[in-house]
Amino acid sequence: MGNSQEHIVMIPFLAQGHIIPFMELAKKIQETTDFTITLVNTPLNIQKLKSAQSSSCKIHFASLPFNPLDHNLPPNTETTEALPLTHVIALFHASTSLQLPFQELISELTSKHGKPPLCIISDVFMGWTNQVAKLLHITNVSFSTCGAYGSAGYISVWQNLPHRSLESDDQEFVMPGFPDRCKITRAHLHKYVRNADGNDDWSKFFQPQISLSLGSFGWLCNTVEEIEPLGLKVLENYTKLPIWCIGPLLPPRMLDSSSSNEIFGKRAGKEPGLSPETCLQWLDSYAENSVLYISFGSQNTISPAQMMELATGVEESGKPFIWTIRPPIGFNLNEKFRDEWLPHKFEERMSASKRGLLVHKWAPQLDILCHKSTGAFLTHCGWNSTLESLSQGVPLIGWPLAAEQVYNSKMIEEEMGVGVELTRGLESCIRKNDVKRVIETVMENEGIRKKANEISKMIKKGARPINGKKGSSLRAMDDFVSTLLSISRV
Ligand code: UDP
């Protein structure tokens, strides 16, 4: 399928959690077509991406001029991961300064290829690309790196700010556009959404960018339509656009039932804290579904008091565990881990009894989740972590911290029934007994495990051809490509 003269341009938001799925999407489009694909970003991000690709990678890269110092950002900060939350909003606003250079780049690429790009695929947070696309008469498709429920939750809350008029943080409200059963409180929301009133810096970024993205030709979503029927319905109602669910954007081997012993290895730009081999050997000594894996994603951590209580609860649960651990909030994430952040002699005790493996900073998550001994994942509910876990039928314990994670956590528990939320945010006061109770509830409940296995089957079925019949995500990708080609012929 495809025409070698066609080219498309893709532009993710300035965050690893967006750049990685964009790169995976680019590879997927390349498997289906022979389009020339140019992935665009800021100089440092492009430099990192380029160096992580193998020599066989056919994706083209283009940098737009960007100087963090012009936006009161520290030098060399071009992704959200490199910044404290107080500075992140400055990076969001700075991303809109890419509009003019992006427009110039599109004109250059148009001259080079002798015709405009077939399509611009832009991050939902880069809604301004729609203005460029309109000006240059190019189709713009938005790509949401979140799931459907999470994307719909984001639109619902940012566009309506329904919590503004509530009397207290604990008063429940229905998320606009969702059925009555989908209730949250202001306390559920991340502090920058909780305090938004439409005139703050966060609203001034999210509201216009989401509105502009709603003016796209269509949306691509990193999910499988069968696993999120409600989220997809609400998202369709909000966007009134075609939505192609082309996920999950995971390494193909995670979707293959025939297990192999090959390891996934390290991910671009991250040094593993422990080798995959060490983690896998450790897991080999435990029974099927008996180990708890704990991680808060690529950039988050919890408060010192929460870390203490979590460690005590995990120890008292008696379950073996692997914990990707970082310095708690208030400390430099790159500083050496201090024993005082954990209960007295915790690491020493866990190591001597082989009860727990603490992995500092970065763990080989895909290898851990694919191992048969891993029985549950205590997660911040980042969408990649959620999909990775569910693709392997591993039930979840939710502790959402930021972004759309709170909606993911709700969906995991209330719609899918594949997990339980332990707590949320950095300010919550968790108790060791709650930690112990939720771990037992999730790890010893065969109903939750069965549902997680059903979701795993749906994900694999959607993403693969079975007996010559393509799953829904493969059909969505074919439809997306043929729709683009058909509009280009009009
Ligand atoms: N990840 C990993 N090792 C770690 C922490 C994270 O490999 O120690 C990977 C994980 O597999 C996932 C990504 O980092 O692909 C985290 O993405 P997610 O959307 O879950 O959360 P974010 O980091 O964007 O908050």
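Computed from a prediction, not measured in an experiment: that's the story for all the values here.

A.B. asks: Describe in detail the overall build of the chain, supporting the description with residues and values.
C.D. replies: From N to C terminus, the chain includes 18 helices and 17 strands. Taken over C-alpha atoms, the radius of gyration comes to 22 Å for the chain, in line with the 23 Å a tight globule of 490 residues would show. Along the three orthogonal principal directions, the C-alpha set of the chain runs to about 65 × 55 × 45 Å. By residue count, 48% of the 490 residues in the chain fall in the buried class. Sequence-distant contacts in the chain: of pairs separated by 6 or more residues, those separated by 24 or more amount to 68%.

A.B. asks: An account of the site of the ligand is requested, with residue identities and associated values reported.
C.D. replies: Near the ligand, the surroundings consist of 17 residues, among which G17, G297, S298, G382 and S385 are the closest. In terms of residue count, helix α14 (residues 383-391) provides more of the shell around the ligand than any other element does, four residues in total. Class assignment of the residues belonging to the shell around the ligand gives a composition of four nonpolar, 11 polar and two charged.

A.B. asks: Break down helix α17 (residues 446-463) for me, with residues and values.
C.D. replies: The end-to-end C-alpha separation of α17 is 26 Å, in line with the 26 Å expected for 18 residues at 1.5 Å each. Listing the buried residues of α17 in full gives I448, A452, I455, S456, I459, K460, G462 and A463. Angularly, the buried residues of α17 cover 160° about the axis, an arc narrow enough to put them on a single face. Looking at α17, the residues exposed on the side facing more than 90 degrees away from the buried face are E446, G447 and K457.

A.B. asks: Which residues make up the nonpolar core, and what values do they have?
C.D. replies: The nonpolar side chains of a soluble globular protein tend to be buried, and buried together. Counting 133 residues, the largest nonpolar core has M10, L220, C245, I322 and I397 as the members making the most contacts within it. In terms of residue count, helix α1 (residues 16-32) provides more of this core than any other element does, seven residues in total. Mapped onto the domain boundaries, this core takes at least three residues apiece from domain 1 (7-250 + 464-489) and domain 2 (273-459). In this view, M10 contacts F22, A26, I37, L39, V40 and I121; residues no more than four positions away in its chain are not counted.

A.B. asks: I'd like to hear about unusual backbone geometry, residue by residue, with values.
C.D. replies: Residue P248 follows G247 across a cis peptide bond; omega there is 0°. Positionally, P248 belongs in the loop between β9 (243-245) and α10 (276-284). Within the chain, K354 stands out as a residue other than glycine whose phi angle is a positive 60°. If you check the backbone angles, N467 has positive phi at about 50° while not being a glycine. Take N467: it is sitting in the loop between β16 (465-466) and β17 (469-470).

A.B. asks: Help me get a handle on helix α4 (residues 99-113), residues and values and all.
C.D. replies: Its 15 residues place the ends of α4 21 Å apart at the C-alpha level, agreeing with the 21 Å of an ideal helix rising 1.5 Å per residue. Every buried residue of α4 is accounted for by F102, I106 and L109. The arc enclosing the buried residues of α4, seen along the axis, measures out at 65°, which places them on a common side. Of the exposed residues in α4, those oriented more than 90 degrees away from the buried face are L100, E108 and S111. Tucked into the core, α4 has its buried residues touching β1 (7-11), β2 (36-41) and α5 (129-135). G114 lies just past α4 and shows a positive phi near 75°.

A.B. asks: Which residues make up the domain arrangement of the chain, and what values do they have?
C.D. replies: Per the domain assignment, the segments of the chain are domain 1 (7-250 + 464-489) and domain 2 (273-459). Placing a centre on the C-alpha atoms of domain 1 and another on those of domain 2 gives a separation of 27 Å. Domain 1 puts 23 residues into the contact, and the matching count from domain 2 is 20 residues. Elements with a minimum of two residues in the side of domain 1 that touches domain 2: α1, α6 (148-160) and α9 (229-239). Among the elements that take part in the side of domain 1 that touches domain 2, α6 stands out by supplying four residues, more than any other. Along the lines of polarity and charge, the residues of the side of domain 1 that touches domain 2 split into 10 nonpolar, 11 polar and two charged.

A.B. asks: Quick one: what's the story with the UniProt feature "domain: Glycosyltransferase N-terminal" (unreviewed entry) in the chain, residue by residue and with numbers?
C.D. replies: Taking the numbering used here, the UniProt-annotated feature "domain: Glycosyltransferase N-terminal" (unreviewed entry) corresponds to residues 8-251. Span residues 8-251 is 41% helix and 15% strand, its end C-alpha atoms 23 Å apart.

A.B. asks: Go over the pairing of strand β10 (residues 291-295), please, and point to the residues and values.
C.D. replies: With five of its five residues buried, β10 lies for the most part within the structure. Side-chain alternation along β10 places V291, Y293 and S295 on one buried face and L292 and I294 on a second face that is also buried. Pairing analysis gives five bridges linking β10 to strand β13 (residues 374-379), with the strands arranged parallel. Bridging from a neighbouring strand, V291 pairs with T374 of β13. One ladder, built from three bridges, connects β10 with strand β11 (residues 321-325); its direction is parallel. Bridging across to β11, I294 finds its partner in W323. The parallel pair β10 and β11 is bridged by helix α11 (residues 304-317), and the resulting crossover is right-handed.

A.B. asks: So what's going on with the environment of L232? Residues and values would help.
C.D. replies: By the secondary structure assignment, L232 is in helix α9. Taking the number of C-beta atoms within 10 Å as the measure of exposure, L232 has 22 and is therefore buried. With 81 residues separating them in the primary sequence, L232 and S151 have C-alpha atoms 9.1 Å apart. Dropping the residues within four chain positions of it, L232 is found in contact with A148, E225, I243 and C245.

A.B. asks: Before we move on, can you summarise the packing of α6 against helix α15 (residues 405-416) with the specific residues and values?
C.D. replies: What describes two packed helices is the angle between their axes and the distance between those same axes. Remark: α6 packs on α15, axes separated minimally by 8 Å, with the N-to-C direction vectors making an angle of 125°. As the angle between them shows, α6 and α15 are arranged oblique. As for the relative orientation of α6 and α15, their crossing is right-handed in sense. Residue-level inspection shows Y149, G150 and G153 of α6 in contact with α15, the latter providing Y407, N408, M411 and E415. Partitioned by chemical class, the residues of the contact of α6 with α15 number three nonpolar, three polar and one charged.

A.B. asks: So what's going on with the sheet that holds β11? Which residues, and what values?
C.D. replies: Pairing in this open sheet of six strands is parallel, and the strands run β12-β11-β10-β13-β14-β15 from one edge to the other. Edge positions in the open sheet fall to β12 (356-360) and β15 (419-421), since each of these has one partner strand only. With strand direction ignored, the average angle separating the axes of adjacent strands in the sheet is 15°. Packing against the sheet, α14 makes contact with β13 and β14 (396-398), and its axis sits at approximately 165° to β13.

What counts as what
Residues numbered from 1 in each chain as written. Predicted model: local features only at pLDDT ≥ 70, side-chain atom pairs only at ≥ 80, totals over all residues. Helix = DSSP H or I, 4+ residues; strand = E, 2+ residues; numbered from the N terminus. Rg over C-alpha atoms; globule rule 2.2 N^0.38 Å. Buried ≥ 20, exposed ≤ 12 C-beta atoms within 10 Å, placed from the backbone. Contact = placed C-beta atoms within 7 Å. Near = placed C-beta within 6 Å. Nonpolar A, V, L, I, M, F, W, Y, C, P; charged D, E, K, R; others polar. Expected span 1.5 Å × (residues − 1). Arc of directions from axis to C-beta. Core = buried A, V, L, I, M, F, W, Y, C linked by C-beta atoms within 7 Å. Domains from an automatic or database assignment. UniProt positions renumbered as here; feature names shortened; annotations may be inferred. Pairing = 2+ DSSP bridges. Right-handed = clockwise from strand over helix to strand, strands pointing away. Axes fitted to C-alpha atoms, helices over the stretch in contact; angles between N-to-C directions. Parallel < 35°, antiparallel > 145°, perpendicular 65-115°, else oblique. Left-handed = near helix turned anticlockwise from the far one by under 90°.

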